[in-house]
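Structural features, examined
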Amino acid sequence: MARLLRAVAVLAVLVGLDLALPRFLNPYYLRVLMLCGISVILAVSLNLINGFTGQFSIGHAGFMAVGAYGSAMVSLHVGQHWAAALAGVGIPAVIAQGAALLVALLAGGALAGIAGYLVGLPSLRLRGDYLAIVTLGFGEIIRVLITNIEAVGAARGLPGIPPWTTFFWVGIGMLAVIVLSLRLANSTHGRALFAIRDDEVAAEALGVDTTRYKVLAFVLGSFFAGIAGGLFAHYNAYLHPNSFTFIKSIEVIAMVVLGGLGSVSGSVLAAIVLTILPEALRSAQEWRMVIYSLMLIILMVTRPQGLMGSREFRWPWRHRPAAPPAPAAGGGA
Amino acid sequence: MSEFLQQLINGVTLGCVYALIALGYTMVYGILRLINFAHGDVYMLGAFFGLYAARWLGAQTHPNPASALAVLLIAMAGCGLVGLIIERAAYKPVRQSSRLAALITAIGVSLLLENGGRLVFGADPKFFPQIIPATNIALGGGVTISNQQLIILGVSIALMIVLRVIVLYTRVGKAMRAVSHNHTAAAMMGISVDRIISVTFVFGSMLAAAAGVLVALENPKIEPYMGILPGLKAFVAAVLGGIGNIPGAVLGGLVMGIAEVMVVGYVSPTYRDAIAFVLLIVILLVRPAGILGTATAEKV
């Protein structure tokens, strides 16, 4: 009951913010806020792969692109008509569009999840840097493919995507990936992921099905990257392959590492900081990216464990609820 | 057939450039296990240093081999210095941290060089002066090779031989090999590990600078972001040949260059950037250690 109430309360807050924000916030700040939310989803989802499972992926933009283009195509070819039809029978436009968006997001996420499954498979053979390079290659191949497929606009980009993403949906996406990550960290499955990260051979010796869990991490992480991509597509209303370059993947990695590998709250914090920072530096004009890169270097040199991380890479800071599970200390929500 | 031979010549030329850049990646990886993402940007700096050196020397108004050589050497020296500074200022402080922290630092340095370059050199493309006027030499059967391609081939092969001699037959080279095997053991044998790492960065950066100048000779449009894609591809070339393995980097570079030119010539120019990564994924799935790399068994 308490859970249900809490869920309703959270939804109510999101709806309230959804209605209030566009009225009280100037469009530019609202845009930065939305981009922050999308970055949070990306960073937390990558954290599932890099932080929790220790599988080094640097092709996250590729999964995001799959989700973005996948959901955009669903909306353009199917969703739009459904939304119009639903609105035609008297259902309020907001709900009709929301339903269509949800379908498109899930479809995009599922496509990205399938891509994650395909990329996760080589991770059974490759470790560390080699896996990183394969994911990098995958991301680039996706981008080149998109640039060459006429049906998705090729190098001209894909315009006319219905702009359905509102703060409510970004909020739902953020909540979903954060809650899932925190719950996962506390579950048997999460422990299995941590075990793989800390010592794969030992984990295998203890009976963890490392193959299954590594692929699981990839599928989950890329599913949410796809969701983030879908939200981005329906927010911008326009997609271009150049939004999903290697640099985008790097930005997301910087968020995860800066936040502290494996720390969900760290990823959230760093995603917000690293999205706002370039915007805040806009007045510095051409110095902007120079300052950004200098800060990245200085942060890594002075605080290599990330903002939230308190221990080194092999034993990163874990989110508080993930403290050793003492049965007596339990107590449900 | 003549078209194929022509493509092959172009591919080998491009491959030599990739090989020069890949050598820097592979040396640094061999010694530090670090993917030096900033390496492609050092290559970009090489082209710009060459541009300024050529202007300063007036190499364009009186093109002669001596001034062209001077341009090359100045660019190499400048980039060697940059490599040294990057290693000392950015990489050395994070050497004891996690490898990811080092990687993010490398990415930071890469962004700094690109955007700093944009600030200093300007965002619009510059044109590299013609320090050696182009001429085409017919090889018979409709196949031609330009003197610039010959210079690229000659200079890269010469540099590769010099590097091989240094690595195999000098004390520094011996120390580099020792450090790449084991830092601690090397230090116990009286090798200054820090100095050898710096030397490795200097050598790698000098080779990248040479690649930058050579490419600018043939393709004179240079801009601050020109290093990103060749850098990535050269890195892939290093992995292809077996990262950490010096002959492997050369082989990987050649394979990459030839494959890319063939795809452009016979498939479609729009796929030129994908072939590198397709090759990469195939090789990693079939032979993860790379063509010349040796698979290492995992110690438990």
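Residues numbered from 1 in each chain as written. Chains lettered and ligands numbered in written order. Predicted model: local features only at pLDDT ≥ 70, side-chain atom pairs only at ≥ 80, totals over all residues.

**A look at the overall build of chain A**
When you go through chain A residue by residue, the secondary structure sums to twelve helices and two strands. Written out in order from the N terminus, the α and β elements of chain A read α-α-α-α-α-β-α-α-α-α-β-α-α-α. Taking 2.2 N^0.38 as the reference for a compact globule, 333 residues should give roughly 20 Å; the C-alpha atoms of chain A span a radius of gyration of 20 Å, in line with that estimate. By the burial criterion, 51% of the 333 residues in chain A qualify as buried. (Helix = DSSP H or I, 4+ residues; strand = E, 2+ residues; numbered from the N terminus. Rg over C-alpha atoms; globule rule 2.2 N^0.38 Å. Buried ≥ 20, exposed ≤ 12 C-beta atoms within 10 Å, placed from the backbone.)

**Some details on the overall build of chain B**
Regarding its fold elements, chain B presents eleven helices and four strands. Considered along the principal axes of its C-alpha atoms, chain B spans approximately 60 × 45 × 35 Å. When contacts within chain B are restricted to residue pairs at least 6 apart in sequence, those whose partners lie at least 24 apart make up 76%. (Contact = placed C-beta atoms within 7 Å.)

**Some words on helix H9 (residues 228-241) of chain B**
Residues and elements named next belong to chain B. Its 14 residues place the ends of H9 20 Å apart at the C-alpha level, agreeing with the 20 Å of an ideal helix rising 1.5 Å per residue. For H9, the full list of buried residues reads Pro230, Gly231, Leu232, Lys233, Ala234, Phe235, Val236, Ala237, Ala238, Val239, Leu240 and Gly241. At the C-terminal side of H9, Gly242 shows a positive phi close to 110 degrees. (Expected span 1.5 Å × (residues − 1).)

**Concerning helix H1 (residues 2-24) of chain A**
Given a rise of 1.5 Å per residue, 23 residues ought to cover 33 Å, and the 32 Å separating the end C-alpha atoms of H1 of chain A matches this to within 8%. Little of H1 of chain A sits out of view: just zero of its 23 residues are buried.

**Quick word on the interface of chain B and chain A**
Facing 33 residues of chain B, the contacting portion of chain A comprises 33 residues. Put simply, the parts of the chain that give the side of chain B that touches chain A at least two residues each are helix H4 (99-121), H9 and helix H11 (272-286) of chain B. With 13 residues, the single largest contributor to the side of chain B that touches chain A is H4 of chain B. Tallied by class, residues from the side of chain B that touches chain A come to 24 nonpolar, seven polar and two charged. (Nonpolar A, V, L, I, M, F, W, Y, C, P; charged D, E, K, R; others polar.)

**Here's the deal with the environment of Glu204 of chain A**
Residue and element names in this part refer to chain A. Its location among the elements puts Glu204 in helix H8 (residues 200-205). Taking the C-beta count within 10 Å as the criterion, Glu204 has 14 such neighbours and is therefore assigned partly exposed. Through-space distance from the C-alpha of Glu204 to that of Val301 is 34 Å; in sequence the pair is 97 residues apart.

**Side note on the packing of helix H3 (residues 60-88) of chain A against helix H9 (residues 210-236) of chain A**
Residues and elements named next belong to chain A. Following both chains from N to C, one finds H3 and H9 inclined at 55 degrees, their axes separated by 6 Å at the closest point. Looking at the two axes, H3 sits oblique to H9. Helix-helix and strand crossings are classified by hand; for H3 and H9 the assignment is right-handed. For the pair H3 and H9, the contacting residues are His60, Phe63, Met64, Ala65, Val66, Gly67, Ala68, Gly70, Ser71, Ala72 and Ser75 in the first and Ser222, Ala225, Gly226, Ile227, Ala228, Gly229, Gly230, Phe232, Ala233 and His234 in the second. For the contact of H3 with H9, the class distribution of residues is eleven nonpolar, ten polar and no charged. (Axes fitted to C-alpha atoms, helices over the stretch in contact; angles between N-to-C directions. Parallel < 35°, antiparallel > 145°, perpendicular 65-115°, else oblique. Left-handed = near helix turned anticlockwise from the far one by under 90°.)

**Focus: the confidence of the model for chain B**
Residue and element names in this part refer to chain B. Per-residue confidence for chain B gives a mean pLDDT of 87, with 98% of residues at or over 70. Confidence, read as mean pLDDT per element, is least for strand S2 (residues 136-140) in chain B (80) and greatest for helix H8 (residues 193-218) (93). Interface confidence for the predicted complex, expressed as ipTM, amounts to 0.81; the pTM equals 0.80. (pLDDT = per-residue confidence, 0-100.)

**Description of the nonpolar core**
Residues and elements named next belong to chain B. By size, the foremost hydrophobic cluster in this structure holds 212 residues, and its most contacted members are Leu20 and Ala210. With 17 residues, the single largest contributor to this core is helix H1 (residues 2-32). In contact with Leu20, other than residues within four places in its own chain, are Ser156, Leu159, Leu207, Ala208, Ala210 and Ala211. (Core = buried A, V, L, I, M, F, W, Y, C linked by C-beta atoms within 7 Å.)

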